[in-house]
Amino acid sequence: MATAAQWIEGARPRTLPNAIAPVLVGTGAAASLDLAVWWKALLALIVSLALIVGVNFANDYSDGIRGTDDDRVGPLRLVGSKLVSPGSVKAAAIGCFAIAAVAGFALAATTAWWLVAVGVFCIIGAWFYTGGKKPYGYSGFGEIAVFIFFGLIAVLGTQFVQAERVDLAGLAGAVAIGSFSSAVLVANNLRDIPTDTESGKITLAVRLGDARTRVLHIILLTVPFIATLLLILRTPWALLGLLALPLAIRANAPLRTGGQGMALIPALRDTGLAMLVWGATTAVALSLS
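Novice: Would you mind going over the packing of helix H7 (residues 168–191) against helix H10 (residues 210–231) in detail, with residue names and values included?
Specialist: Each pair of packed helices can be described by the angle between their axes along with the distance between the axes. Close contact between H7 and H10 brings their axes to 9 Å; oriented N to C, the two are set at 160°. It follows from the interaxial angle that H7 and H10 lie roughly antiparallel. Crossing hand, H7 versus H10: left-handed. Across from Ala 169, Ala 172, Val 175, Ala 176, Ser 179, Phe 180, Ser 182, Ala 183, Val 186, Ala 187 and Leu 190 in H7, the residues of H10 making contact are Asp 210, Thr 213, Arg 214, Leu 216, His 217, Leu 220, Leu 221, Val 223, Pro 224, Phe 225, Ala 227 and Leu 231. Class assignment of the residues belonging to the contact of H7 with H10 gives a composition of 17 nonpolar, four polar and two charged.

Novice: Describe a nonpolar patch on the surface, listing the residues and the values that go with them.
Specialist: A grouping of Phe 105, Trp 113, Val 116, Val 120, Ile 124 and Phe 128 is seen on the molecular surface, where their side chains present a nonpolar patch of about 570 Å² in accessible area. Looking at which element gives the most residues to the nonpolar patch, the answer is helix H5 (residues 115–127), with three residues. The topology assignment puts Trp 113 in the loop between helix H4 (86–110) and H5. In this structure Trp 113 comes out as exposed when scored by relative accessible area, which is 53%.

Novice: Lay out the packing of H5 against helix H6 (residues 142–163) with the relevant residues and their values.
Specialist: The geometry of H5 relative to H6 is characterised by a closest axis approach of 12 Å and an angle of 155° between their N-to-C directions. Overall, the two elements H5 and H6 adopt an arrangement that is roughly antiparallel. Crossing of H5 over H6 shows left-handed handedness. From H5, Leu 115, Val 118, Phe 121, Cys 122 and Gly 125 reach across to H6, where they touch Phe 149, Ile 153, Phe 160 and Val 161. Residues that form the contact of H5 with H6 fall into these classes: eight nonpolar, one polar and no charged.

Novice: So, the pattern of salt bridges: which residues are in play, and what are the values?
Specialist: In the structure shown here, the tally under the stated rule is six salt bridges. A salt bridge links Arg 234 to Asp 167, with the nearest nitrogen and oxygen atoms 2.8 Å apart. Placement of Arg 234 in the loop between H10 and helix H11 (245–256) and of Asp 167 in the loop between H6 and H7 is noted, with a sequence separation of 67 residues between them. Put simply, Asp 210 and Arg 214 hold a salt bridge, and the shortest N to O gap is 2.5 Å. Taken as a pair, Asp 210 and Arg 214 lie in helix H10 at a separation of four residues, close to a single helical turn. Overlapping salt bridges bring together Arg 250, Arg 269 and Asp 270 as one network.

Novice: Account for unusual backbone geometry, naming residues and giving values.
Specialist: If you check the backbone angles, Arg 12 has positive phi at about 60° while not being a glycine. Here Arg 12 shows up in the loop between helix H1 (4–10) and helix H2 (17–31). The class for Arg 12 is buried, based on a relative accessible area of 15%. One non-glycine residue, Lys 82, lies in positive phi territory at about 65°. Within the fold, Lys 82 resides in the loop between helix H3 (38–66) and H4.

Cut-off values and rules
- Residues numbered from 1 in each chain as written.
- Predicted model: local features only at pLDDT ≥ 70, side-chain atom pairs only at ≥ 80, totals over all residues.
- Heavy atoms only, no water.
- Axes fitted to C-alpha atoms, helices over the stretch in contact; angles between N-to-C directions.
- Helix = DSSP H or I, 4+ residues; strand = E, 2+ residues; numbered from the N terminus.
- Parallel < 35°, antiparallel > 145°, perpendicular 65-115°, else oblique.
- Left-handed = near helix turned anticlockwise from the far one by under 90°.
- Contact = heavy atoms within 4.5 Å.
- Nonpolar A, V, L, I, M, F, W, Y, C, P; charged D, E, K, R; others polar.
- Patch = residues over 30% accessible without salt bridge, like charges linked within 9 Å, V, L, I, M, F, W, Y side chains within 5 Å.
- Areas by Shrake-Rupley, 256 points an atom, 1.4 Å probe, with all protein chains shown as cover.
- Salt bridge = Lys/Arg side-chain N within 4 Å of Asp/Glu carboxyl O.
- Buried < 20%, exposed > 50% of the residue type's maximum accessible area, 1.4 Å probe, protein only.

Written as structure tokens, this is what we have:
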């Protein structure tokens, strides 16, 4: 029987910046148009958090029943460690998706009904990342999906439900956050190349190989700071985003120095922290514009 602490670890709290940062940036983009709505931002945050915890439980379930997590390196997995039954983890994932659906429905009802279709698309994408007969996460499309769902859709969706429009500042923020989110997954999949190769999980890291995956991480961490320079056209306060640069440099350090296995865990943490700091500072900057 898993403890509450183990359930929390199984929810992968280190991934929460991927859910929080896009809502911050999207709200900042709406505020830059003087159209921020706090309760819609809160509902968007509930949707984002519920989706990311839901996809984490869904991945735990799907990877666990496939045996992908049997010999993994890294944080606890509930099904793979046999601490929790697959059915219980699957139910937890469905419960999270239901919470996201309810909050998302409220946003659609007060903004635009076509957002329901976007929400359905997001839930389907979350489940089939590692679920189903041909999960796209096993074919090297995980980073693209993260860029779309937790970058473009999350940031621009948050801006749209508040301002009922999107703009170039929101798009720049969406690309930046999508790049950060993809970088988190790149670091994770780099760590798992040996076990993923053995289990037949062909991630982008497996396809690219060790050396090119490390280069990709640097490229993805560079994109948000290019976005910062572009956002200066909206407000000089955008330079606040550079406060995340030391964290980004530290996040890449284990990859630059050839770290393997557990030595790459700090890269996941620091990439997430860099994203959160960049998101928070950029949101403040846009709000001041």
